Amino acid sequence: LTMPEYGVTVSATYTKNVFAIAIAEGVAVKTFVGNTEVAKAAKDSTVVVKPTDDTKIVTAVEAAYGTDSKATGTDSFTMPGADVTVTATLVQGYKATVGTGITNGSVAVDKALVAAGGSVEITATPSAGYEIDKVFVGEDELEPTSGKYTYTFPTENAADITVSATFKAINYTATITDYYNGTVVVTPARAGSETAPALTALNVKQGDIVTVALPST
């Protein structure tokens, strides 16, 4: 604006670009632009709603604004260009905990807190030389479905669970194609793997030593 040689009256129009979020009791919010958390909510930012009680799960969110408008989501919503009042549906969550004392492998769950009727996927990863033996929820063995271990919490009388697994050593086969009347020994010795002068296939495990002794000439 270049000032003329006489008096002027200046006016401006402002557009609001930061909006207020009023939240219901029992929940808290965090605002993001992309993956970056920001302090204030602008239009089109993502607002994530979480319970203040860590035993609860948010299953539905409603952000009311204007006369009769609302933004909705499961546990988040996209901020409209207006102040909002947020309410949320909370349900009891149940813990899925990995047990202690697991050897020769590891166990992980895809979520630590699950609502009644929800599912948790259990991943059992064996150490080198081992394979999955059994997967347990509490003391009950869990059978895989299409190669995956999934536990579904009951809709009634759900409770916290502890998951675990056992792992067993993989059996390998040592094939002797030509032993020239010598002997074959596997260390350490096991049933079926003792000295076998005429055996062409032995059950062995990773780390075993297979010794072939040729006859003296």
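Bear in mind that the values here come from a model prediction, so they are computed numbers and not experimental data. Here the residue numbering is sequential within each chain, running from 1 through the sequence in written order. Note on the predicted model: pLDDT of at least 70 is required for a residue's local features to be given, and 80 or more for side-chain atom pairs to be given and counted; whole-chain, interface and lining totals, by contrast, use all residues. Side-chain metrics rest on all non-hydrogen atoms present in the structure, leaving aside hydrogens and water.

Q: Is there a simple way to think about the overall build of the protein chain in this case?
A: Comment: elements are numbered from the N terminus, with helices defined as DSSP H or I runs of at least four residues and strands as E runs of at least two. Along the protein chain, the regular secondary structure elements total 0 helices and 19 strands. Residue contacts are counted whenever heavy atoms from the two residues lie within 4.5 Å of one another. Considering only contacts within the protein chain whose residues lie at least 6 apart along the sequence, 57% involve residues at least 24 apart. Methods summary: accessible areas were calculated by the Shrake-Rupley approach with a probe of 1.4 Å, and residue burial reflects only the protein chains presented. Total accessible area on the protein chain is roughly 14,100 Å²; 50% of this is exposed by carbon and sulfur atoms.

Q: Looking at this structure, I do not really get the packing of aromatic side chains. What am I missing?
A: Each aromatic ring pair is specified by the distance between its two centres and by the angle formed by the two planes. By convention, a stacked pair of Phe, Tyr or Trp rings (six-membered ring in the case of Trp) has centres within 6.5 Å and planes under 30 degrees apart, an edge-to-face pair has planes over 60 apart, and any other such pair is tilted. Scanning the entire structure with this criterion turns up 2 aromatic pairs. Summarising the aromatic geometry, the rings of Y94 and F153 are spaced 6.5 Å apart at their centres and angled 25° between planes, so their arrangement reads as stacked. Of the two residues, Y94 is situated in strand β8 (residues 84-98) and F153 in the loop between β14 (149-152) and β15 (161-169); the sequence distance between them amounts to 59 residues. Like F153, Y94 is buried. Owing to a relative accessible area of 1%, F153 belongs among the buried residues under this scheme. Site record: aromatic cluster; members linked through ring pairs are Y94, Y151 and F153. Relative accessibility thresholds used throughout: buried, under 20% of the residue-type maximum; exposed, over 50%; partly exposed, between the two (1.4 Å probe, protein chains only).

Q: Looking at this structure, how should I read the pairing of strand β4 (residues 46-51)?
A: Successive residues of a regular strand alternate their side chains across the two faces of the sheet. Across 6 bridges, the pairing between strand β2 (residues 27-33) and β4 is antiparallel. Bridge pairing links F32 to T46 in β4. Note: two strands are recorded as paired if DSSP finds a minimum of 2 bridges between them. When β4 meets strand β7 (residues 76-78), the two strands line up antiparallel, connected through 3 bridges. For T46, the partnering residue across the bridge sits in β7 and is T78.

Q: Could you clarify how one ought to interpret the pattern of salt bridges in this entry?
A: Just to be clear on terms, a salt bridge is a Lys or Arg side-chain nitrogen sitting within 4 Å of an Asp or Glu carboxyl oxygen. A full pass over the atoms with the stated rule returns 3 salt bridges. Taking the shortest distance from any N to any O, the salt bridge between K43 and D44 comes out at 3.6 Å. With relative accessibility at 51%, the residue K43 sits in the exposed group. We note a salt bridge from K70 to E62, for which the minimum N-O separation is 3.5 Å.

Q: Explanation requested: the sheet that holds strand β3 (residues 36-38) in the structure shown.
A: By definition, the strands of a sheet pair up through backbone hydrogen bonds, in either a parallel or an antiparallel sense. Strands sit in the order β3-β2-β4-β7 across an open sheet of 4 strands; the sheet is antiparallel. Two strands close off the open sheet at either side, each with one partner strand: β3 and β7. Put simply, the sheet's adjacent strands are angled 35° from each other on average, direction ignored. As defined by bridge partners, β2 adjoins β3 across 3 bridges and the pair is classed as antiparallel. Across the sheet, F32 pairs through a bridge with E37, a residue of β3. Every axis in this analysis is a line fitted to C-alpha atoms, fitted for helices over the stretch in contact. Angles between the N-to-C directions lie between 0 and 180 degrees.

Q: Would you explain the nonpolar core in this entry?
A: The nonpolar side chains of soluble globular proteins are, as a tendency, buried together. The nonpolar core is taken to be a set of buried Ala, Val, Leu, Ile, Met, Phe, Trp, Tyr and Cys residues, with the residues joined through side-chain atoms within 4.5 Å. Core analysis: the largest hydrophobic core is formed by 17 residues, its most contacted members being I122, V135, F153 and I161. Those elements that place two or more of their residues in this core are β8, β11 (119-126), β12 (130-137) and β15. The residues touching I122, leaving out its near neighbours within four places in the chain, are V107, A108, V109, V135, V137, L142, Y149, Y151 and V163. Grouped together as the second largest cluster of nonpolar side chains are 13 residues, V47, V61, A71 and V86 included.

Q: How should a negative patch on the surface be read in this particular structure?
A: Patch construction takes residues with relative accessible area above 30% that form no salt bridge. Like charges are linked within 9 Å, and nonpolar side chains (Val, Leu, Ile, Met, Phe, Trp, Tyr) are linked within 5 Å. When charges are counted, neither His nor the chain ends are considered; positive counts come from Lys and Arg and negative counts from Asp and Glu. Charged side chains are reduced to one point each, which is NZ for Lys, CZ for Arg, CG for Asp and CD for Glu. Residues E131, D133, E141 and E143 make up a contiguous surface patch of negative charge. Tracing the backbone through its elements, the reader meets E141 in strand β13 (residues 140-141). E141 gets classed as partly exposed once you look at its relative accessible area, which sits at 41%.

Q: Looking at this structure, how should I read a nonpolar patch on the surface?
A: A grouping of Y6, V8 and V10 is seen on the molecular surface, where their side chains present a nonpolar patch of about 330 Å² in accessible area. Its relative accessible area of 63% is what places V10 among the exposed residues.

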